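Close look at the chain arrangement
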Amino acid sequence: MVEIKSDKQIEKMKLAGTILAECHKALSKMILPGITTTEIDQFVERFLHERGAKPEQKGYMGYPFATCSSVNNEVCHGLPNRKPLKNGDILTVDFVVNLDGWLADSAWSYGVGKIAPESQRLLNATKKALYKGIEHAQPGNRIGDIGYAIETYANKKGYSIVREFIGHGIGRKIHEEPQVHHVGERNSGIKLKEGMVITIEPIFNQGLPFITMGSDGWTALTFDGSLSAQYEHTVAITRNGPIILTEQA
Ligand code: MF3
Ligand code: CO
């Protein structure tokens, strides 16, 4: 069952999403060579607490941190650590904000210092794919329309899509129905309805789509060592079309 949210509930999620977006905005200025992902994690935790919000990922299924921090060939769920980031790295920071019991989830990829043109191209394409997917999050469409739009764009740009991690419904829990695949067929899957709130969070790899799990039990890595990027928004499906609850100003 996909839970339908009222306008009022979506408003509450939007408040959580605004804090999340403002925090990403602050990160975009802080992420420079020399900073560690532990420092980023601690900044996020403090930022949320100052706004009266909580980092929902901390303690979720035993996950110990506020953020997931995935560098270069790390696909997702990387653990913050004390290794300084280097010029040319790419970093994805993913976290979930809980404000008064309502959640918002957004991941963003950042270049560290001056990055290679191929890295920038990967970031641009992955972000663009997210927005292509969001365009199709309309009442009356089907969930496969979102995956189809993202998959078509990845093919056009020459990137592969990680299949193991998918978007999801979200509300008072991080992971609700439905599953949101980033590949798909047009006009397939459940019908999208007003009041559904979902995440769309494509992960693009430069090389093969395959992943392997790191020895820490959390971090997913590209199988071939190629770079990987991810962008994620929380999106409400409304009579006026998709509303991005985690949009950065
Ligand atoms: N934010 C992630 C998502 O998009 C959830 C990460 S769960 C954690 O689904 F346990 F790794 F934090
Ligand atoms: Co997320």
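Conventions we followed
- Throughout, a residue's number is its position along its own chain's written sequence, starting from 1.
- The order in which chains are written sets their letters, starting at A; the order in which ligands are written sets their numbers, starting at 1.
- In keeping with the predicted nature of the model, local features appear solely for residues at pLDDT of at least 70, side-chain atom pairs appear and are counted solely at 80 or more, and the whole-chain, interface and lining totals rest on all residues.
- Values reported for side chains reflect all heavy atoms of the structure, with hydrogen atoms and water molecules removed beforehand.
- UniProt positions are given in the numbering used here, feature names are shortened, and annotations may be inferred rather than shown by experiment.
- In this analysis the probe radius is 1.4 Å and the grid spacing 1 Å, with only protein atoms considered; a cavity is a set of points the probe fits into but cannot get out of, a pocket is an open set with protein on both sides within 12 Å along at least five of seven lines, and lining residues have an atom within 4 Å of a point.
- Secondary structure elements follow DSSP: runs of H or I no shorter than four residues count as helices, runs of E no shorter than two count as strands, and numbering proceeds from the N terminus.
- Polar contacts here mean pairs of N or O atoms no more than 3.5 Å apart (in protein, one a potential hydrogen donor and the other a potential acceptor; neighbouring residues in sequence count only if both atoms are side-chain atoms).
- Classification of residues uses two cut-offs on accessible area relative to the type maximum, computed with a 1.4 Å probe and protein chains only: under 20% is buried, over 50% is exposed, and between them is partly exposed.
- At least two DSSP bridges between two strands are needed for those strands to be called paired.

Now for the UniProt feature "binding site: a divalent metal cation 1" (unreviewed entry) in the protein chain. When the UniProt feature table is mapped to this numbering, "binding site: a divalent metal cation 1" (unreviewed entry) covers Asp 94, Asp 105 and Glu 232. Over a stretch of 139 residues, the named residues converge on one spot in the fold, their C-alpha atoms separated by at most 8.1 Å. Of the annotated set, the members that line the largest pocket are Asp 94, Asp 105 and Glu 232. Along the polypeptide, Asp 105 turns up in strand E5 (residues 102-111). A polar side-chain atom of Asp 105 sits 3.3 Å from a polar atom in the side chain of His 168. With respect to the helices, strands and loops of the structure, Glu 232 is situated in the loop between strand E13 (228-230) and strand E14 (233-238).

Our next topic: the pairing of strand E9 (residues 197-200). The side-chain alternation of E9 yields two buried faces, one formed by Val 197 and Thr 199 and the other by Ile 198 and Ile 200. Bridge analysis of E9 against E14 gives four bridges, and the strand direction is antiparallel. Each residue of the ladder has a partner; that of Ile 200, found in E14, is His 233.

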